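# Examining the three-dimensional arrangement
Okay, here's what each chain looks like letter by letter:
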Amino acid sequence: MARQPLVMGNWKLNGSKAFTAALIHDLKRELIGVSGCNVAIAPPVMYLAAAENELTGSEIALGAQNVDIHAQGAFTGDISAEMLKEFGAKYIIIGHSERRTYHHESDAFIAKKFGVLKATGMIPVLCIGETEAENEAGQTEVVVARQIDAVINTLGVDAFLGAVIAYEPIWAIGTGKSATPSQAQAIHAFIRRHIAEKSATVAEQVIIQYGGSVNDSNAAELFAQPDIDGALVGGASLKAPAFATIVKAAANAKK
């Protein structure tokens, strides 16, 4: 069975009540009649309730940008998986390079988040990727393998059944730079082969998104690659027409 691509919008630290309502309204209109691509948005946690309400009756899934490893207790400021689930969140981004960098999240800590999400019945979107220095040193495959193995060594390869990986070269996030389609495909193929060493079945079904300055002008060429299953979109997800164009490109590429 062919993998159905997933295009997910990561709003990052952007939005307001009015913005959330307007963007979702416009997205629903832009995506009428579009099929063959799963779509999700991840607004800031403050706006999950408003987004859940606006998405009623829509095929667009709700996501979130982070989760904590604890279920409850004295953990000021943290948000549990069960709380996110109660608001209808389905896809949860973990391991984003901004979390790894600004909040010093380790591979092991991210693997714990992955396990918590699986146990709660939600879908982890595991972000992996290398810095510009690592890329220039030829370390890309070593870095992404290490980040994937943190999950496999803790939870087993079957943890990737029904999960999502987002390959996001850090040097391409928010910089306007993007890996070429052939560069991105090469790493996506490596990721799938690496998982296949443990389980070909798991490798064949896992969704591997590309992220890193994906926009409405480069999306179609990226999605034409056999191992690129959609995108995790940053800035372009804040504009309904641009985001819808990316979704349509993914839907058309895999038909």
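Just above sits the structure.
Our subject in this report is the structure included herewith.

### Topic: the packing of aromatic side chains
In this structure the tally under the stated criterion is three aromatic pairs. Between Trp11 and Phe19 the ring centres are 5.4 Å apart and the planes differ by 85°, which places this aromatic pair in the edge-to-face class. With relative accessibility at 26%, the residue Phe19 sits in the partly exposed group. Between Phe114 and Phe160 the ring centres are 5.2 Å apart and the planes differ by 65°, which places this aromatic pair in the edge-to-face class. Here the residue Phe114 occupies a position in helix α5 (residues 107–120), and Phe160 occupies one in the loop between α7 (140–155) and β6 (164–167), the gap between them amounting to 46 residues.

### Description of empty space enclosed by the protein
Counted by the stated rule, this structure contains one cavity of 30 Å³ or more. Estimates place the volume of the largest cavity at around 50 Å³. What lines the largest cavity is Gly95, His96, Ser97, Arg100, Cys127, Ile128, Gly129, Gln147, Glu168, Ile170 and Ile173. For the lining of the largest cavity, the per-class residue count stands at four nonpolar, five polar and two charged.

### Focus: α7
With 16 residues, α7 should reach 22 Å at 1.5 Å per residue; the first-to-last C-alpha distance of 23 Å fits that figure. Most pronounced at Ile148, the bend in α7 amounts to some 25°. A positive backbone phi angle near 90° is found at Gly156, which sits one or two residues after α7.

### Here's the deal with the packing of α5 against α7
In the contact formed by α5 and α7, the axes pass within 9 Å of each other and the chain directions differ by 55°. Comparing the axis directions of α5 and α7 gives the class oblique. The way α5 lies across α7 gives a crossing that is right-handed. Touching Asp107, Ala111, Phe114 and Gly115 of α5 are Arg146, Gln147, Ala150, Val151, Thr154 and Leu155, all from α7. Considering only residue class, the contact of α5 with α7 consists of five nonpolar, three polar and two charged.

### A word on the sheet that holds β6
Taken in spatial order, the eight strands close into a barrel running β1-β2-β3-β4-β5-β6-β7-β8, and their pairing is parallel. Between one strand and the next, the sheet's axes are offset by a mean angle of 25°, whatever the strand orientation. Sheet topology places β6 next to strand β7 (residues 207–211); four bridges connect them, and they run parallel. Paired with Ile165 across the two strands is Ile208, which belongs to β7. Running over the sheet, helix α8 (residues 181–196) touches β5 (123–128), β6 and β7 and is turned about 150° from β7.

### Some details on the environment of Arg100
Along the chain, Arg100 falls in helix α4 (residues 97–102). Given a relative accessible area of 16%, Arg100 falls into the buried group. On a C-alpha basis, the gap between Arg100 and Cys127 in space is 9.8 Å, while along the polypeptide they are 27 residues apart. Apart from the residues within four sequence positions on either side, Arg100 is in contact with Gly95, Glu105, Asp107, Ile110, Leu126, Cys127, Ile128 and Gln147.

About the criteria used
Residues numbered from 1 in each chain as written. Predicted model: local features only at pLDDT ≥ 70, side-chain atom pairs only at ≥ 80, totals over all residues. Heavy atoms only, no water. Phe/Tyr/Trp six-rings, centres within 6.5 Å; stacked < 30°, edge-to-face > 60°. Buried < 20%, exposed > 50% of the residue type's maximum accessible area, 1.4 Å probe, protein only. Helix = DSSP H or I, 4+ residues; strand = E, 2+ residues; numbered from the N terminus. 1 Å grid on protein atoms, 1.4 Å probe; cavity = no way out; pocket = protein on both sides within 12 Å on 5 of 7 lines; lining within 4 Å. Points joined across faces, edges and corners; volume = space filled by probe spheres on them. Nonpolar A, V, L, I, M, F, W, Y, C, P; charged D, E, K, R; others polar. Expected span 1.5 Å × (residues − 1). Bend = angle between axes of the 7 residues up to and from the residue. Axes fitted to C-alpha atoms, helices over the stretch in contact; angles between N-to-C directions. Parallel < 35°, antiparallel > 145°, perpendicular 65-115°, else oblique. Left-handed = near helix turned anticlockwise from the far one by under 90°. Contact = heavy atoms within 4.5 Å. Pairing = 2+ DSSP bridges.

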